[in-house]
Amino acid sequence: MAAVAVAGGIMVFRFDSMARATFALLTALLCVGGQLVVLGLDYLGIVTVLMMTIEMAVMAVFMIMFMMNPAGLMPMTMVHNRRGAAALCALTFALLVIGILLAPWPRRQGDAPADPTRDLGISLMGPQMLTMMTLGMALFATIVATVVLATPRGRYDRYGDDLRSASPEDPVRGGVGR
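Note that this is a predicted model, so its numbers are computed, not measured.

Any chance you could explain the overall build of the protein here in plain terms?
Of regular secondary structure, the protein possesses six helices and two strands. Secondary structure elements of the protein, listed N to C terminal, follow the sequence α-α-α-α-α-α-β-β. Residues classed as buried in the protein amount to 15% of the 178 residues present. When contacts within the protein are restricted to residue pairs at least 6 apart in sequence, those whose partners lie at least 24 apart make up 54%. Per element, the accessible surface of the protein, about 13,700 Å² overall, is 70% carbon and sulfur.

I keep staring at helix 2 (residues 18-38) and nothing clicks. Help me out?
Since there are 3.6 residues in each turn of an α-helix, residues three or four apart along the chain are aligned in direction. The terminal C-alpha atoms of helix 2 lie 30 Å apart, and with 21 residues this matches the ideal 30 Å at 1.5 Å per residue to within 8%. Taken together, the buried positions of helix 2 are Ala-19, Ala-21, Thr-22, Ala-24, Leu-26, Ala-28, Cys-31, Gly-33 and Gly-34. At its buried positions, helix 2 is contacted by helix 1 (2-14) and helix 3 (42-66). Just beyond helix 2, the residue with positive phi is Gly-40, at close to 90°.

Calculation rules
- Residues numbered from 1 in each chain as written.
- Predicted model: local features only at pLDDT ≥ 70, side-chain atom pairs only at ≥ 80, totals over all residues.
- Heavy atoms only, no water.
- Helix = DSSP H or I, 4+ residues; strand = E, 2+ residues; numbered from the N terminus.
- Buried < 20%, exposed > 50% of the residue type's maximum accessible area, 1.4 Å probe, protein only.
- Contact = heavy atoms within 4.5 Å.
- Areas by Shrake-Rupley, 256 points an atom, 1.4 Å probe, with all protein chains shown as cover.
- Expected span 1.5 Å × (residues − 1).

Put into structure tokens, the structure is as follows:
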């Protein structure tokens, strides 16, 4: 899973399409969630998988709706200043490796908890789990309502109710109304 996660992360910058890059990023993040599950952190792993899947799906939907090119599939570059970005990435990676190797890691004190996932969930959320779940649904409903209210017509409304109009009837064409 680690190798697939790294490959997915690399492919984000290799693809020339926002949609493909989104699914490459989703692949990488699903592998990270899988790694958390394998490490015994089921709660964090499942939450990571659920959050990243929904986040990437929403991102793909917004790209299809609002990007200038259809569905973000037209070729485009994901990286600007390739040499500078590569140098900065290499430097950051080297600094992180040096930090990992030279950091004075603390030793465990006391016994490990019987269920570390439960203890982590309680320390993060406490008794507020229901509140957070409700808040998540309210935020999702707000996003959907915002998109619905922001678009006065659907994608195909401009071709008429039966979609048989020969040309689209856009309210504004070239800055001048018809």
